[in-house]
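One letter stands for each residue in the lines below.
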Amino acid sequence: MKKNTHLMTKKKMTVHLGEVLREARLKAELTQADVAERVGVATEVYGRVERGNLTPSVPSLRRLCVALRVDANAVLNLTGHEAATWLQESDPTPEESPQLRRLLRILRQLDDKQLCAVGYMARSLVSPEAH
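Per-chain numbering applies: the sequence of each chain, read as written, is numbered from 1 onward. Totals for whole chains, interfaces and linings use every residue, but because this is a predicted model, local features are given only for residues with pLDDT of at least 70 and side-chain atom pairs only at 80 or more, for both listing and counting. Neither water nor hydrogens contribute to the side-chain values; these are computed over all heavy atoms in the structure.

Participant: Quick question: what am I supposed to make of the packing of helix α2 (residues 32–39) against helix α3 (residues 43–50) here?
Facilitator: Relative placement of two packed helices is described by the angle separating their axes and the distance separating the axes. Viewed as axis vectors pointing N to C, α2 and α3 meet at an angle of 110°, and their least axial separation amounts to 8 Å. Classified by the angle between their axes, α2 and α3 sit roughly perpendicular to one another. Packed against α2, whose contacting residues are Gln 32, Ala 33, Val 35 and Ala 36, the element α3 presents Thr 43, Tyr 46, Gly 47 and Glu 50 at the interface. Lines are fitted to the C-alpha atoms to define the axes, a helix being fitted only along its stretch in contact, and any angle between axes, read from their N-to-C directions, falls within 0 to 180 degrees. Going along the chain from the N terminus, every DSSP run of H or I of four or more residues is numbered as a helix, and every run of E of two or more is numbered as a strand. Should an angle fall under 35 degrees it is taken as roughly parallel, and over 145 as roughly antiparallel, whereas 65 to 115 is taken as roughly perpendicular and any remaining angle as oblique. The contact criterion used throughout is that any non-hydrogen atoms of two residues lie within 4.5 Å.

Participant: Is there a simple way to explain helix α4 (residues 58–68) in this structure?
Facilitator: Because each turn of an α-helix spans 3.6 residues, side chains separated by three or four positions in sequence point in the same direction. Residues Ser 60, Leu 61, Leu 64, Cys 65, Ala 67 and Leu 68 constitute the buried set of α4. Each buried residue of α4 lies within a common arc of 165° when the element is viewed along its axis, so the set occupies one face. Opposite its buried face, α4 presents the exposed residues Val 58, Arg 62 and Val 66, each directed more than 90 degrees away. The buried label applies to any residue whose accessible area, calculated with a 1.4 Å probe on protein chains only, is under 20% of its type's maximum; exposed applies above 50%, and partly exposed to all values in between. Along the arc lie the directions from the helix axis toward the C-beta atoms.

Participant: Just to check I follow, could you spell out the nonpolar core for this structure?
Facilitator: Joining through side-chain atoms within 4.5 Å is the link that ties buried Ala, Val, Leu, Ile, Met, Phe, Trp, Tyr and Cys residues into a set, and such a set is a nonpolar core. Core analysis: the biggest nonpolar cluster contains 17 residues, and Leu 21, Val 35, Tyr 46, Leu 64 and Leu 68 have the highest contact counts within it. Those residues within four positions of Val 35 in sequence are excluded, and the remaining contacts are Arg 25, Leu 30, Tyr 46, Leu 64 and Leu 68.

Participant: What exactly am I supposed to notice about the environment of Leu 17 here?
Facilitator: Relative to the elements of secondary structure, Leu 17 occurs in helix α1 (residues 3–27). Distance in space between the C-alpha atoms of Leu 17 and Leu 61 is 9.3 Å, their sequence separation being 44 residues. Sequence-distant contacts of Leu 17, defined by excluding residues within four places in its chain, comprise Pro 56, Leu 61, Val 75 and Leu 76.

This is the structure:
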């Protein structure tokens, strides 16, 4: 799996985890501070998990599942027959040409510095009226 595809999938998974954990917390009528205390993390850290900005470690995820009384398989959406939403690739939009899709695949392999350089080059190719 390519680095950027992996990062996109990880972000989708992290957002999904946060949404499911938030729903479970609200259903249990707990505050973020309550959950954080039960799990042994700072409230701010748990808040980042719920907002999809932090992926919990496996031990932390296990403690979260115990504290919120939810099954880890359900949290990860591994119980259904369909693939988890965070595992599904988005379909290309009809307006994307094959050339654009190939370019996007290449761009996803670049680091931030390389992307910045490509961005400068691309902007220099676009006519001033298009800005």
